[in-house]
Amino acid sequence: MAEQDSLLTSSPHESSSSILSEISNVSTKAFVLAFIVGSCGAFAFGCIIGYSAPTQSSIMKDLNLSIADYSLFGSILTVGLILGALICGKLTDLVGRVYTIWITNILFIIGWFAIAFAKGVWMLDLGRLLQGISVGISAYLGPVYITEIAPRNLRGAASSMAQLFAGVGISVFYALGTVVTWRNLAILGSIPSLMSLPLLFFIPESPRWLAKVGRENEVEAVLLNLRGAEADVSDEATEILDYTKYVKEQQDVDGRDFFKLFQRKYAYSLTIGVVLIALPQLGGLNGYSFYTDSIFTSTGVSSDVGFILTSIVQMFGGILGAVLVDVSGRRSLLLVSQGGMFLGCLATAISFFLQKKSWWDTGTPILALISVMVYFGSYGLGMGAIPWIIASEIYPADVKGAAGTVCNLVSSISSWLVAYFFNFLLQWSSTGTFMMFATVTALGFVFIAKLVPETKGKSLEEIQSLVTYSPPQDSTIF
């Protein structure tokens, strides 16, 4: 437990550097390279999300686009997300984790260059669609790959830290979009994927995928590559092989159909994964993300100041969450994160109510700013990365592909629902909209407290055995 003790004693100012130091100290070159590839993928995802907002006016002007044309460009990303979600599970199971990373990076690059050299709307939309498909695949693939290769004491921290780069990508592209032309910004967006391609020659395949497809003789060699030539990986290899053998025996009994995921024994794990993935979206994440400027403007807050402060707070929350995820555990961070998002939604609703009634005019903008900062800071602390970490931990190999498809579809559809209806809800009632989000986050807190198990410090095989058949008997908060 020495690695965990060093995390406990590190100061907040050393948070991110201590995690990276731990990763490099206890892991091999192969794992560090795999972590870099995962981080580049998350950063590329953030760049895609952050691209459209600062470039809207210049793209519309240069290509003579209508509002409808640009709206299609923005929304077609979601279509790609759904298409990617439909194929992600089957693809990663069929060709493996590393070859699928190759595919997603190539799609990222083609998408960016299609946008950069677009002469009309069809090329622009094609590039965005390809990006959406790639994001739809990699949203689940990234956490799964890092989770399957990481040592158990660093699994949560490595996954959280990699996902943190998505937020960095969004912030970087918001800033660059104010000083770089939209075509050059698209070319810059391809750099993370171009950097990843040569590294893919040196990263290993997931040992759990190798065991699943019958390449058992390669498992121990890959584990030695990941843990170090002097490491004793015999117990870990045996655990992976024994559990994979058991899963295959169950496949022979239950079949290999996609709908096997919906058998009763997987009901608990499927519920956990689907609800955790949907909670941030249904709790207003896209409403806050896409319409932060409208929220600030409506309540009298400077958009520039609000965005800068919100980005800093979300980044700090993400770093703090990455430090604590393997110390305090997933479940505790989820509870704190969900509770903070509830308070943020509630405070936003109150600020709109006060603004509508013209009460406390001097304090309302401050309350609105604080509420948005609390929401994004709390989201970064836990609900940003941990749902995907848990979803990548709890499913056995025989249903992991199907579960990835379902989780990705739920995320994409719930994200689209909130993004589409948010403006209509604001026109109905700004206060009522955020009270709805507050209600969802409150229900989510209860769900986490009662049903979500702690997975810190357990092997993937232990976790999957725990959740496959029935929920734990003791599910109290403490």
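About the thresholds
Residues numbered from 1 in each chain as written. Predicted model: local features only at pLDDT ≥ 70, side-chain atom pairs only at ≥ 80, totals over all residues. Heavy atoms only, no water. Helix = DSSP H or I, 4+ residues; strand = E, 2+ residues; numbered from the N terminus. Buried < 20%, exposed > 50% of the residue type's maximum accessible area, 1.4 Å probe, protein only. Contact = heavy atoms within 4.5 Å. Areas by Shrake-Rupley, 256 points an atom, 1.4 Å probe, with all protein chains shown as cover. Axes fitted to C-alpha atoms, helices over the stretch in contact; angles between N-to-C directions. Parallel < 35°, antiparallel > 145°, perpendicular 65-115°, else oblique. Left-handed = near helix turned anticlockwise from the far one by under 90°. Nonpolar A, V, L, I, M, F, W, Y, C, P; charged D, E, K, R; others polar. Expected span 1.5 Å × (residues − 1). Phe/Tyr/Trp six-rings, centres within 6.5 Å; stacked < 30°, edge-to-face > 60°.

Engineer: Please provide a residue-by-residue account of the overall build of the protein, values included.
Structural biologist: Of regular secondary structure, the protein possesses 21 helices and 0 strands. Put simply, the protein has 478 residues, and 55% of those count as buried. The long-range fraction of contacts in the protein, counting pairs at least 24 apart against all pairs at least 6 apart in sequence, stands at 81%. Element-wise, carbon and sulfur atoms account for 66% of the exposed surface of the protein, whose accessible area totals about 19,900 Å².

Engineer: Help me get a handle on the packing of helix H4 (residues 67-95) against helix H5 (residues 97-116), residues and values and all.
Structural biologist: The N-to-C vectors of H4 and H5 enclose an angle of 160 degrees; their axes lie 10 Å apart at closest approach. As judged from the angle between their axes, H4 and H5 are roughly antiparallel. As H4 runs across H5, the sense of the crossing is right-handed. Every residue of H5 that contacts H4 at Phe 73, Leu 91, Thr 92, Asp 93 and Val 95 is listed here: Arg 97, Tyr 99, Thr 100, Ile 103 and Ile 115. Here the residues of the contact of H4 with H5 are counted per class, giving 6 nonpolar, 2 polar and 2 charged.

Engineer: Lay out H5 with the relevant residues and their values.
Structural biologist: Taking 1.5 Å as the rise per residue, H5 with 20 residues should run 28 Å; its terminal C-alpha atoms sit 29 Å apart, in good agreement. With 14 of its 20 residues buried, H5 lies for the most part within the structure.

Engineer: Give me the packing of helix H3 (residues 29-63) against H5: which residues, what numbers.
Structural biologist: Put simply, H3 and H5 touch, their axes get as near as 12 Å, and they point 30 degrees apart. Classified by the angle their axes make, H3 and H5 are roughly parallel. Here the hand of the crossing between H3 and H5 comes out left-handed. Residue-level inspection shows Val 37, Ala 44, Cys 47, Ile 48 and Tyr 51 of H3 in contact with H5, the latter providing Ile 101, Phe 108, Trp 112 and Ile 115. Taken together, the residues that form the contact of H3 with H5 break down as 9 nonpolar, no polar and no charged.

Engineer: Provide a residue-level description of the environment of Ala 42, including the pertinent values.
Structural biologist: With respect to the element layout, Ala 42 can be found in helix H3. Separated by 121 residues in the primary sequence, Ala 42 and Gln 163 place their C-alpha atoms 5.6 Å from one another.

Engineer: Pulling in residues and values, what's your account of the packing of aromatic side chains?
Structural biologist: Throughout the structure, instances matching the rule amount to 13 aromatic pairs. Between the aromatic rings of Phe 113 and Phe 117, the centroid separation amounts to 6.0 Å while the plane-to-plane angle is 5 degrees, which identifies the pairing as stacked. Seen in terms of ring centroids, Phe 353 and Trp 359 are 5.7 Å apart; in terms of plane orientation they differ by 80 degrees. Their pairing is edge-to-face. An aromatic cluster is built from Tyr 288, Phe 352, Tyr 375, Phe 376, Phe 434 and Phe 437, whose rings are joined through pairwise contacts.

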